[in-house]
There are 2 protein chains.
Amino acid sequence: MSFISTRSRYGLRFLIDLAQRGALGPIDLGSIAERQGIPETYLAKLVVPLRNAGIIRSARGAKGGYELARSPAEVAVLEVVEVLEGRSSLLECTDRPELCARSADCPTLPVWTGLETVVHDYLASVSVGDVAAPRAPDYSI
Amino acid sequence: MSFISTRSRYGLRFLIDLAQRGALGPIDLGSIAERQGIPETYLAKLVVPLRNAGIIRSARGAKGGYELARSPAEVAVLEVVEVLEGRSSLLECTDRPELCARSADCPTLPVWTGLETVVHDYLASVSVGDVAAPRAPDYSI
DNA sequence: CCCTAACTGGACCATTATAGGATTGATTAA
DNA sequence: TTAATCAATCCTATAATGGTCCAGTTAGGG
Ligand code: SF4
Ligand code: SF4
């Protein structure tokens, strides 16, 4: 349907769930799936690319589960979307102009390239840590 | 595949083709389809919503065809995309939070709403006239 | 007046993406 | 050992996308 599919939406919520629980050791997928109302079997497939990308770490066996591999502030939403959607662009031709014979003289291409730029800039500016903050912001000086 | 499908891409190129030919009376679909390398039968379906939206005007009968109903500068790319994609948002829940029971307390919703804002702002800032300019810009004072 | 170019609407189809399910196997704490 | 848990693979249903076909209708031009 759209650039932001359930993969990104579920995946981001999954990461936020992990982040909000902090470093208490791995959390099993079933409990997260239940809390978030996401089909566990579906979520199980989303974690694979997240692990391959080094965003999360998994522990097998009893008491196993998943935990963040980095600080939430170091995980940009852009990276999550790219990893889960399997692509980084809204349009093929902005990444690979050679795929379209018209790209050299296409008046619309700059429009889409510009759109992609604003999308990337925005998503890169937001991290999992930014949205996972479970408590009030830090009011100390 | 993505938010920007062939409907928007073809449609925008179609409008630019119209704009670049100026007010010389209606242009028939076949010649545009051929020039742009778009299947005429497919393009024929894209023009219907564009006409309903008041972006183009059609003339039936011999020597008929299509022409812009407004000045190219008055047609924002945002409007074209909304009309052709049949929706205005990248995500349902940003428009209709009532569709998701979690929207009231969803930490990710602001992320998507913010993304949508930057996308809308960008697309609203670009008009068909901006990209259709067939010649060098006006250097007069 | 009639022909015909051209638009109009709808049915139809093939391919792909999406969302989800199920099964089986490997690993490890207790 | 055994139960819990990740890992990997295969399967299915549904929808979106991109495109075709055709039977109408309209109206300009000769
Ligand atoms: S015609 Fe332009 S917008 Fe379309 S695929 Fe080619 S380069 Fe991209
Ligand atoms: S959980 Fe949040 S992002 Fe997902 S559909 Fe509901 S409101 Fe939207």
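Undergrad: Residues and numbers for the pairing of strand β1 (residues 56–59) of chain A, please.
TA: All names here are of chain A. For β1 and strand β2 (residues 65–68), the ladder comprises 4 bridges, and the chain directions are antiparallel. Bridge pairing links Arg57 to Glu67 in β2. Joining the antiparallel neighbours β1 and β2 is a turn of 5 residues, in which Gly61 adopts a positive phi near 80 degrees.

Undergrad: Tell me about the protein's contact with DNA strand D, and name the residues and values.
TA: As a matter of local geometry, DNA strand D sits amid 26 residues, with Leu29(A), Ser58(A), Tyr66(A), Thr6(B) and Lys45(B) nearest to it. Among the atoms of DNA strand D lying within 4 Å of the protein, the sugar-phosphate backbone contributes 74%. Between DNA strand D and Arg51(A) there is a distance of 3.4 Å, counted from a phosphate oxygen to a side-chain nitrogen or oxygen. In this structure, a phosphate oxygen belonging to DNA strand D sits 3.4 Å away from a side-chain N or O atom of Tyr10(B). Broken down by secondary-structure element, the contributors of at least two residues to the surface near DNA strand D are α3 (40–52), β1 and β2 of chain A together with α1 (6–21) and α3 (40–52) of chain B. Here the element with the most residues in the surface near DNA strand D is α3(B); it accounts for 3 residues. Tallied by class, the residues present in the surface near DNA strand D amount to 10 nonpolar, 8 polar and 8 charged.

Undergrad: Describe α3(A), with residues and values.
TA: Residue and element names in this part refer to chain A. When the terminal C-alpha atoms of α3 are compared, their 19 Å separation across 13 residues agrees well with the 18 Å that a helix rising 1.5 Å per residue should span. Of the residues making up α3, those classed as buried are Leu43, Leu46, Val47 and Leu50. Of the surrounding elements, those touching the buried residues of α3 are α1 (6–21), α2 (29–36), β1, β2 and α4 (77–85). Looking at the residues trailing α3, positive phi occurs at Gly54, about 75 degrees.

Undergrad: Account for the packing of aromatic side chains, with residues named and values stated.
TA: Residue and element names in this part refer to chain B. Summed over the entire model, instances satisfying the criterion amount to 4 aromatic pairs over all chains. Here the aromatic rings of Phe14 and Tyr66 are separated by 6.2 Å at their centres, their planes lie at 80 degrees, and the arrangement is edge-to-face. Remark: Tyr66 occurs in strand β2 (residues 65–68) and Phe14 occurs in helix α1; sequence separation between them is 52 residues. The burial state of Phe14 is the same as that of Tyr66; both residues are buried.

Undergrad: Any details on the nonpolar core? Residues and values, ideally.
TA: Residues Phe14(A), Ile56(A), Leu123(A), Phe14(B), Ile56(B) and Trp112(B) are the most contacted members of the largest nonpolar core, which totals 88 residues. Not counting the four nearest positions on each side in its chain, Leu123(A) is found in contact with Phe3(A), Ala76(A), Val77(A), Leu78(A), Val81(A), Trp112(B) and Leu115(B).

Undergrad: Residues and numbers for the site of ligand 1, please.
TA: Taken together, Cys93(A), Cys100(A), Arg102(A), Ser103(A), Cys106(A), Thr108(A), Leu109(A), Trp112(A), Arg9(B) and Arg13(B) are the residues near ligand 1. Flanking ligand 1 are residues from chains A and B. Mapped by element, the contributors of at least two residues to the shell around ligand 1 are α6 (109–124) of chain A together with α1 of chain B. In terms of residue class, the shell around ligand 1 is made up of 5 nonpolar, 2 polar and 3 charged.

Undergrad: Could you give an account of the protein's contact with DNA strand C, with specific residues and numbers?
TA: With respect to spatial proximity, 23 residues lie near DNA strand C, and among them Thr6(A), Lys45(A), Gly61(A), Ala62(A) and Tyr66(B) are the closest. Of what DNA strand C places within 4 Å of the protein, 68% of the atoms are sugar or phosphate. Within the side chain of Tyr66(B), a nitrogen or oxygen atom sits 3.0 Å from a phosphate oxygen of DNA strand C. Secondary structure elements with two or more residues in the surface near DNA strand C: α1 and α3 of chain A together with α3, β1 (56–59) and β2 of chain B. In the surface near DNA strand C, the residues fall into 8 nonpolar, 7 polar and 8 charged.

Undergrad: Requested: an account of the interface of chain A and chain B, with residues and values cited.
TA: Of the residues lining the interface, 32 residues belong to chain A; the matching set on chain B comes to 32 residues. When chain A packs against chain B, close to 2900 Å² is buried across both sides, 75% of that on carbon and sulfur atoms. Scanning the region where chain A abuts chain B turns up 7 residue pairs in polar contact (both at pLDDT 80 or more). Of all the elements in the fold, those that place two or more residues in the side of chain A that touches chain B are α1, α2, α4 and α6 of chain A.

Undergrad: Describe the relation of the copies chain A and chain B, and please don't skip the residues or the numbers.
TA: Each copy superposes on the other: chain A lies on chain B with an RMSD of 0.1 Å after a rotation of 180 degrees and an axial shift of 0.0 Å. Between the two chains, the operation in question is that of a two-fold axis. A symmetric contact is evident, with 100% of the interface residues of chain A recurring at the interface of chain B.

Undergrad: So what about the site of ligand 2? Which residues, and what values?
TA: Inspection of the region around ligand 2 gives Arg9(A), Arg13(A), Cys93(B), Cys100(B), Arg102(B), Ser103(B), Cys106(B), Thr108(B), Leu109(B) and Trp112(B) as its neighbouring residues. At the site occupied by ligand 2, nearby residues are drawn from chains A and B. Listing elements by their share of the shell around ligand 2, those giving two or more residues are α1 of chain A together with α6 (109–125) of chain B. Here the shell around ligand 2 is built from residues that sort into 5 nonpolar, 2 polar and 3 charged.

The rules we used
- Residues numbered from 1 in each chain as written.
- Chains lettered and ligands numbered in written order.
- Predicted model: local features only at pLDDT ≥ 70, side-chain atom pairs only at ≥ 80, totals over all residues.
- Heavy atoms only, no water.
- Pairing = 2+ DSSP bridges.
- Helix = DSSP H or I, 4+ residues; strand = E, 2+ residues; numbered from the N terminus.
- Near = heavy atom within 4 Å.
- Polar contact = N/O pair within 3.5 Å; in protein donor to acceptor, adjacent residues only side chain to side chain.
- Nonpolar A, V, L, I, M, F, W, Y, C, P; charged D, E, K, R; others polar.
- Expected span 1.5 Å × (residues − 1).
- Buried < 20%, exposed > 50% of the residue type's maximum accessible area, 1.4 Å probe, protein only.
- Contact = heavy atoms within 4.5 Å.
- Phe/Tyr/Trp six-rings, centres within 6.5 Å; stacked < 30°, edge-to-face > 60°.
- Core = buried A, V, L, I, M, F, W, Y, C linked by side-chain atoms within 4.5 Å.
- Buried area = accessible area lost by both parts, 1.4 Å probe.
- Least-squares fit on C-alpha atoms with pLDDT ≥ 70 in both.

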